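Structural characterization, general
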Amino acid sequence: MLAPMRWNPFRRSPAEDPSDSAFEATMVGDLPVLGKPAEPGDPGDPEHLSAPRPTIGYVGRYALKAVLGEGGLGTVFAAWDPLLSRAVAVKTLRLHADTEALGARDDLILNEARAAARLSHPHIVTVFDAGPSEQGIYIAMEPLRGRDLRHLLQEGWRPNPAEAAQVVRRVADALAYAHGKGVVHCDIKPANIFMVGRKQPKVLDFGIARIAQREVPIAEPAPAGAPPETPAEAPVAGSPYYLAPEQLRGDNVDRRCDVYSLGVVMFELLTGQRPYSGATIEDINQAVLSAPLPQARQVQPKVPATLSAIAARAMARDPGDRYASARHLSMDLRNWLEQPEARAFTESPAIVRRRRLVLLGLGAGVAATAALLQSMVWRNDPGNMDAVPAASAASS
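Residues numbered from 1 in each chain as written. Predicted model: local features only at pLDDT ≥ 70, side-chain atom pairs only at ≥ 80, totals over all residues. Heavy atoms only, no water.

1. Re the environment of Y276
Relative to the helices and strands, Y276 is located in the loop between helix 8 (256-271) and helix 9 (281-290). For Y276, a relative accessible area of 6% puts it in the buried group. C-alpha separation for the pair Y276 and Y242, spaced 34 residues apart in sequence, amounts to 9.2 Å. Those residues in contact with Y276 that lie beyond four places of it in its chain are Y241, Y260, A287, V288, A291, P292, L293, P294 and R317. A polar contact of 3.4 Å, which involves the side chain of Y276, links it to the side chain of R317. (Helix = DSSP H or I, 4+ residues; strand = E, 2+ residues; numbered from the N terminus. Buried < 20%, exposed > 50% of the residue type's maximum accessible area, 1.4 Å probe, protein only. Contact = heavy atoms within 4.5 Å. Polar contact = N/O pair within 3.5 Å; in protein donor to acceptor, adjacent residues only side chain to side chain.)

Below, the structure written as structure tokens:
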């Protein structure tokens, strides 16, 4: 957990900032839990949260209370909205541009944020507000409690195939809804899928990635004589592990790039590893563009064949070979989840054994009933009447 910010550029006196006590009453219950588990003295420690929360700065009208996390595009703060008296999460964006381009860039970001604010879906984070500030563009959104999928995977969470299919299906539903509104995400990856518990995903950062990719190259060439960059150090707008081949090539993209990225996330959930790897950005890019398409079932034999085929189709290198839309991907996953094979992963061993015993008992009962009926038919058949005395005489 990151420590609270030390700088305080727009600090106001307590008389000017009456939100602290109200913030505590609301935010402690809703404060997102990000990063490692809280330790005594950390900002996420319950005893620490119960103490008065000083305001560490302001962005727009929002009083910042703590740093929740930092990513490639900006910093997320726990904040308080004094106008509507509610807790929010505020994300400030770190997108660099020449001075002449700042105005146009800010307009683009605000347009994207407004488009995201029109999205109302149970698996998309709700955007309340966006605007300019002295710290740059900010976006205010609903506070969430949980962890992003990247952290869960790093901590060793491994969903079973049915759980993985359910998470991906819900994200696909969210993408299908957004695509229907004309919004393409362009940066679907585990870090942008926030998990409320282990079953409820919320997609973050709709529309922002497209702006970033207009300004930041996928991989900048290193200066002559410089060592190659590692994936963690490279100045990329999106993670190369999850970007579609057409994004890496700089081609025009459509909703199918989100289908590809979600297919990669599905592969990782099913197998515990990414489909492509490399020591440098260039190695990863080359693998995505030309390496043989991996099959989840080859990496992890326990992956059901149907799910392996679904992930492979979503990750097809040619957009024309992928699912035509996220809705088609969701439908195939929904169909599989309704099959007995999927239910076997969601039921406890005790329930499976009980059902097996019931089925065995029903089978034995059916067999006994059939034998009884057959015996009754045989005895009532006139053609068999003479056979009974003959058999009796033979035995005497």
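2. Description of the packing of helix 8 against helix 11 (residues 305-314)
It is at 7 Å that the axes of helix 8 and helix 11 come closest, and there the two elements cross at 145°. By crossing handedness, the relation of helix 8 to helix 11 is classed as left-handed. Facing helix 8, whose interface residues are V259, Y260, G263, M266 and L270, helix 11 presents L307, I310, A311 and A314. Counted by class, the contact of helix 8 with helix 11 contains eight nonpolar, one polar and no charged residues. (Axes fitted to C-alpha atoms, helices over the stretch in contact; angles between N-to-C directions. Left-handed = near helix turned anticlockwise from the far one by under 90°. Nonpolar A, V, L, I, M, F, W, Y, C, P; charged D, E, K, R; others polar.)

3. Looking at the packing of aromatic side chains
For the structure on display, the rule yields three aromatic pairs. Ring geometry for Y62 against Y138: centres 5.7 Å apart, planes inclined by 70°, an arrangement best described as edge-to-face. In this pair, Y62 sits in strand 2 (residues 62-70) while Y138 sits in strand 6 (residues 138-141), placing the two residues 76 residues apart along the sequence. For the pair shown, Y62 and Y138 are each scored as buried. When the ring centre of Y323 is taken as reference, the NZ or CZ atom of R313 above it lies at 4.2 Å. (Phe/Tyr/Trp six-rings, centres within 6.5 Å; stacked < 30°, edge-to-face > 60°. Lys NZ or Arg CZ within 6 Å of the ring centre and 35° of its normal.)

4. Points about the pattern of salt bridges
Enumeration over the complete set of coordinates arrives at twelve salt bridges. In this structure, K91 engages D205 in a salt bridge whose closest nitrogen and oxygen atoms are separated by 2.7 Å. Residue K91 is found in strand 4 (residues 86-93), and its partner D205 is found in the loop between strand 9 (200-203) and helix 6 (208-215); the two are separated by 114 residues along the sequence. D205 matches K91 in its accessibility class, with the two residues each being buried. Shared partners join several salt bridges into a network, and the residues in it are R61, D81 and D129. (Salt bridge = Lys/Arg side-chain N within 4 Å of Asp/Glu carboxyl O.)

5. Focus: the packing of helix 5 (residues 161-180) against helix 12 (residues 326-337)
Two elements in contact, helix 5 and helix 12, have axes separated by 8 Å at closest approach and are oriented at 150°. Looking at the two axes, helix 5 sits roughly antiparallel to helix 12. Crossing geometry of helix 5 relative to helix 12 is assigned as left-handed. Judged by residue contacts, P161, A162, A165, Q166, V168, R169, A172, D173, L175, A176, Y177 and H179 of helix 5 engage A326, R327, L329, S330, L333, R334, W336 and L337 from helix 12. Looking at the contact of helix 5 with helix 12 residue by residue, the classes come out as 13 nonpolar, three polar and four charged. (Parallel < 35°, antiparallel > 145°, perpendicular 65-115°, else oblique.)

6. As for the sheet that holds strand 9
Read from one edge to the other, the open sheet built from three strands follows the order 7-8-9, with strand pairing classed as antiparallel. Where the open sheet ends on each side, the last strands, each with one partner, are strand 7 (147-148) and strand 9. Here helix 5 sits on the sheet and contacts strand 8 (193-196) and strand 9; the angle it forms with strand 9, its principal contact strand, is near 35°. (Pairing = 2+ DSSP bridges.)

7. Some details on unusual backbone geometry
One non-glycine residue, S85, lies in positive phi territory at about 55°. Within the secondary structure, S85 sits in the loop between strand 3 (74-81) and strand 4. Even without a glycine there, the phi angle at D205 is positive, about 60°.

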